[in-house]
Amino acid sequence: MSLRISTKLIILLIGLTLIVLVTVLTAVNNTFSKTLNEDIVLDFSQLQGFFKQQQTLQYDRLVESSYLISENSTYKANVELNDPASVNFTVNEFALFIKTDLFVVTNNDGEVLAWLNNQERAGSNISSRRSVQNALNGIEPPLNIEWPRLWAVDGELFQIVTIPIYAGNTIIGTTTLGTKFQDSEARLLKQNTPLDVIMFLDENPIAYSNVNENMTIYSLFVNSKKELVDSLTTNLEISTPFRANLNDKEVLAFISPLGTEERAYYLAYVPVDVQFQILGTIQQNILLIAASSFLVIVPIAFIIAGAFSGPIQRLTKAMLKVREGDLDVEVQSNSHDEVGILTKTFNEMIQGLRERFALTKYVGDHTLKMIQEKQTVDLDEKASFQELAILFTDIRGSTSKISTSTPEEFLEKLNKTLGKQADTVLLHKGSIDKYVGDSLIALFAGVDSLKAAINAAIEIQKDFKSDNELNEFFDGIGIGINYGKVILGNMGAKERMDYTVIGSEVNLCARLCSAAKDGQILIPKELISQYSHEIEGLSFRGIGTQELKGFKDSIEVSEVLYHLQQHPL
């Protein structure tokens, strides 16, 4: 039977329409399923990143507070007396000024001298706790941690830091400070993600982002995952996302340890139907379009074919540009069908890539240079020794301002002075290594690097002194400078790496910064004679020897002399 051309065309167009619709349905389904799964995995990854950042900030605060307390002469004298009553009095005095949920002091045998709000524990021996053992053996807390140390006490969980207490070179006891895991930590960890978070000690919930949930169900759930939990908390590993039935709902979930020394972990989950609801809506819309296509006439079929082909071609061209590295593309679409949704998703994806590139400003200049030179970051790449000048700054008086100013005002002033410091470092061809609280760490390489670091330090001090607003808010800036051989390389965990420096020269620079008074710039005296040709024209004054923490021998220290320029008011 012969058919007219018009009939064949109609059949062909309808067939092509059906093929296109089936193809689009498959493509959209696969694309959105993949995108939604990736979004969920990204939410999990961001959640873990938030946790690491949150615990690192807590750790830094605990370490700083522990050292400040343990260096107090009255505190050390009471500990050396080995008198629980006097130590407990001192502990309660300090507790009025620091934010801590756990405050424990032991003597050099590991016996408790004082335990904040729990003095009946005085006399008990806790030397079996690994953190106390390490402190009694003279092991200091590391600068950076991969996992926080944990203590479980009476069914409560604390992130802790334990440091030794020295009298001269003798360890006379330990100080332990800790913060308790509570619902606020779980809600902070949840952030703006659709995930819910529950923290556990063994099978017992200790903190949750949604207090309305029935915790018995979740205890039974994690108990059914006992082998997985044991493996993760023992090996300090994070589970891959998995599907499970939780409270009669299918969820996507993962489990992560909270830290070391305790069987503590958190469960993060999100219902599957919440994430995939939009996909079902899209599928229904496409099926409706497919059903109505049988009723349209040939001209409408042509219009539909054209309407589909045009946006797809534009989207394809845009994808090719992206493959060539051009991210300044955006596909315009006024339609609200599946192609329009696909185009919108593409535009959002490109926006996300632009945002990720924007994150490079949070990475040190030397790190960006390394990535650009190597194209990819090899986590197993060997580190190397480098001759570098190091500069540490510390803003004095910032801690007291936290409690007497609003967060907005404090961060405005802090960012203003740190921003000026960073501009000065870059002006002198230095590189910002990192910011640690209210401190800045910068590196200088190449010819005249030591002189560049000193000139940058002088300009930082002058710039700060000339700003009346900052002078009235903060007490001043202390700066330490050093030069020597350091290790430069990738440090950290595979989830979060730092391309940074480490070594005794770095530690000495940090100690000099801590010893510097307001407005003072300290430098090892031996560098002045050793590199006199490089730093010619600069003025110095010896201030004698100093005993610096972590260094066996005394260090001859000099300060950099500079004159402040008078600025008209």
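Described in the following lines is the structure provided in the data block. If you're wondering where the values come from, they're calculated on a predicted model, not measured in any experiment.

## With respect to helix H2 (residues 73-81)
Alright, step 1. Within H2, the full set of buried residues consists of Tyr75, Lys76, Asn78 and Val79. The arc enclosing the buried residues of H2, seen along the axis, measures out at 160°, which places them on a common side. In H2, the exposed residues that point more than 90 degrees away from the buried face are Ser73, Glu80 and Leu81.
Alright, step 2. A distance of 3.0 Å separates the backbone nitrogen of Thr74 from a side-chain oxygen at the start of H2, and that oxygen is part of Asn72.

## A closer look at the packing of aromatic side chains
Alright, step 1. The tally for this structure, following the rule as stated, stands at nine aromatic pairs.
Alright, step 2. Aromatic pair Trp115 and Trp151: ring centres 6.3 Å apart, planes at 35°, arrangement tilted. Placement of the pair is Trp115 in strand S2 (residues 112-115) and Trp151 in strand S3 (residues 149-153), with a sequence separation of 36 residues. The pair Trp115 / Trp151 is uniform in exposure class, with both members buried.
Alright, step 3. Here the aromatic rings of Phe473 and Phe474 are separated by 4.8 Å at their centres, their planes lie at 90°, and the arrangement is edge-to-face.
Alright, step 4. A relative accessible area of 1% places Phe474 in the buried class.
Alright, step 5. In this structure an aromatic cluster arises from ring pairing among Phe51, Phe254 and Tyr266.
Alright, step 6. Lying over the aromatic face of Phe473, Lys413 brings its terminal NZ or CZ to 5.4 Å of the ring centre.

## Notes on the sheet that holds strand S7 (residues 204-208)
Alright, step 1. Here we have five strands laid out as an open sheet, ordered S7-S6-S10-S9-S8, and antiparallel in their pairing. Here the strands that pair on one side only, and so sit at the sheet edges, are S7 and strand S8 (242-246). Direction aside, neighbouring strands of the sheet carry axes that sit 40° apart on average.
Alright, step 2. Where strand S9 (residues 249-257) and strand S10 (residues 264-271) come together, seven bridges link them in antiparallel fashion. By the bridge assignment, Ser256 is partnered in S10 with Tyr266.
Alright, step 3. Together, strand S6 (196-201), S7 and S10 form the strand contacts of helix H5 (residues 183-190), whose direction differs from that of S6 by roughly 140°.

Thresholds, definitions, all that
- Numbering of residues starts from 1 in every chain and runs along the sequence as written.
- Since the coordinates come from a predicted model, pLDDT governs what is reported: local features require at least 70, and pairs of side-chain atoms require 80 or more to be given and counted, while whole-chain, interface and lining totals use all residues.
- Remark: hydrogens and water are excluded; side-chain values derive from all non-hydrogen atoms of the structure.
- Remark: exposure states derive from per-residue accessible area (1.4 Å probe, protein chains only) relative to the maximum for the residue type, with buried under 20%, exposed over 50%, and partly exposed in between.
- Note on conventions: DSSP H or I runs of at least 4 residues are helices, E runs of at least 2 residues are strands, and numbering of each starts at the N terminus.
- Taking the helix axis as origin, the arc is that swept by the directions to the C-beta atoms.
- Under the rule applied, a polar contact is a pair of N or O atoms within 3.5 Å (in protein, one hydrogen donor and one hydrogen acceptor; residues adjacent in sequence only if both atoms are side-chain atoms).
- Centres within 6.5 Å are what make two rings of Phe, Tyr or Trp a pair, Trp counting through its six-membered ring; a difference in plane orientation under 30 degrees is then read as stacked, over 60 as edge-to-face, and the rest as tilted.
- Criterion for a charge above a ring: Lys NZ or Arg CZ within 6 Å of the ring centre, and within 35 degrees of the ring normal.
- Two strands qualify as a pair provided that DSSP identifies no fewer than 2 bridges between them.
- Orientation is described by axes fitted as lines to C-alpha atoms, over the contacting stretch for helices, and by angles from 0 to 180 degrees between their N-to-C directions.
- The criterion used for residue contact is that any of the two residues' heavy atoms lie within 4.5 Å.

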